[in-house]
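# Working through the structure, step by step
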Amino acid sequence: QVQLVESGGGLVQAGGSLRLSCAGSGRTFSTYDMGWFRQAPGKEREFVAAITWSGSGTYYQDSVKGRFTISRDNAKNTLYLQMNSLKPEDTAVYYCAARLGGRIPIFRINSYNYWGQGTQVTVSS
């Protein structure tokens, strides 16, 4: 089991940057694939980015490719999301999540077993 706590959200102007962090508890953090998801008001939670347990594979939603970078530091039990060139449509609550690897595609929300509480990101125009 792993517990996840996000931080780093806030208010930023369009074109600005933020870095989200997700701290994981437990000695098994490095065995989990990790993902970032977001949920805007009135919308369903959606996939943003994911990284395999080893860090060798990264995946992105098309709308964030080239602007967001997911990374992890397994020695620190921490997941990151560097967000650049932010747009108002990036406004949402951002959640990190963990799953044990499997055949279900890594972007599938229902394949994740553990979730953080979320951190608000607001991008003003």
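### Points about the overall build of the protein chain
On a plain count of helices and strands, the protein chain comes out with zero helices and 11 strands. In the protein chain, the order of α-helices and β-strands from amino to carboxyl end is β-β-β-β-β-β-β-β-β-β-β. Expected size for 125 residues packed as a compact globule is a radius of gyration near 14 Å; at 13 Å, the protein chain falls within 12% of this value. Judged by the C-alpha coordinates and their principal axes, the protein chain covers about 40 × 25 × 25 Å. Here the protein chain holds 125 residues, and the buried ones make up 43% of them. Long-range pairs, those at least 24 residues apart, make up 57% of the contacts in the protein chain with a sequence separation of at least 6.

### Remarks on the state of the cysteines
Between two cysteines, a covalent bond joining their sulfur atoms is known as a disulfide. As enumerated under the stated definition, the model contains one disulfide in all. Bridging Cys-22 to Cys-96, the disulfide has an S-S length of 2.0 Å. Here Cys-22 and Cys-96 share a disulfide; its torsion about the S-S bond, 55°, makes the bridge right-handed. Of the two residues, Cys-22 is situated in strand β3 (residues 18–24) and Cys-96 in strand β9 (residues 92–100); the sequence distance between them amounts to 74 residues. A relative accessible area of 0% places Cys-22 in the buried class. Taking the relative accessible area as the measure of exposure, Cys-96 reaches 0% and is therefore buried.

### Focus: the nonpolar core
By size, the foremost hydrophobic cluster in this structure holds 26 residues, and its most contacted members are Met-34, Trp-36, Leu-79, Leu-81, Met-83 and Tyr-94. Looking at this core, the elements with two or more residues in it are β3, β4 (32–39), β5 (46–51), β7 (68–73), β8 (78–83), β9 and β11 (119–124). Among the elements that make up this core, the one with the highest residue count is β9 (four residues).

### A closer look at the sheet that holds strand β1 (residues 4–7)
The sheet built from four strands is open, its strands ordered β1-β3-β8-β7 with antiparallel pairing. The open sheet terminates on both sides in strands that have one partner only, identified here as β1 and β7. Neighbour to neighbour, the strand axes of the sheet diverge by 15° on average, direction disregarded. With six bridges joining them, β7 and β8 adopt antiparallel strand pairing. Bridge pairing links Ile-70 to Leu-81 in β8.

### Digging into the packing of aromatic side chains
The tally for this structure, following the rule as stated, stands at seven aromatic pairs. Taken together, a centroid distance of 6.3 Å and an interplanar angle of 65° make the contact between Phe-47 and Phe-107 edge-to-face. Here Phe-107 lies in the loop between β9 and β10 (114–115) and Phe-47 lies in strand β5, a separation of 60 residues in the sequence. Among the aromatic side chains, those forming a connected cluster through ring pairs are Phe-37, Phe-47, Tyr-95, Phe-107, Tyr-112 and Trp-115.

The rules behind the values
- Chains are numbered independently. Their residues run from 1 in the order of the written sequence.
- In keeping with the predicted nature of the model, local features appear solely for residues at pLDDT of at least 70, side-chain atom pairs appear and are counted solely at 80 or more, and the whole-chain, interface and lining totals rest on all residues.
- Hydrogen atoms and water are omitted, and side-chain values are computed over all heavy atoms in the structure.
- Helix and strand definitions follow DSSP, with helices as H or I runs of at least four residues and strands as E runs of at least two, each counted in order from the N terminus.
- The atom set for the radius of gyration is the C-alpha atoms, and the globule formula is 2.2 Å times the number of residues raised to the power 0.38.
- The buried label applies to any residue whose accessible area, calculated with a 1.4 Å probe on protein chains only, is under 20% of its type's maximum; exposed applies above 50%, and partly exposed to all values in between.
- The contact criterion used is simple: two residues touch if any of their non-hydrogen atoms lie within 4.5 Å.
- Here, a disulfide means two cysteine sulfur atoms that sit within 2.5 Å of each other.
- Here, the term nonpolar core denotes a set of buried Ala, Val, Leu, Ile, Met, Phe, Trp, Tyr and Cys residues that are joined through side-chain atoms within 4.5 Å.
- Pairing between two strands is assigned when DSSP locates at least 2 bridges connecting them.
- The angle between two axes is taken between their N-to-C directions and runs from 0 to 180 degrees, where each axis is a line fitted to C-alpha atoms and a helix contributes only its stretch in contact.
- Under the pairing criterion, centres of Phe, Tyr and Trp rings, with the six-membered ring standing for Trp, must be within 6.5 Å; the plane angle then separates stacked pairs below 30 degrees from edge-to-face pairs above 60, leaving the rest tilted.

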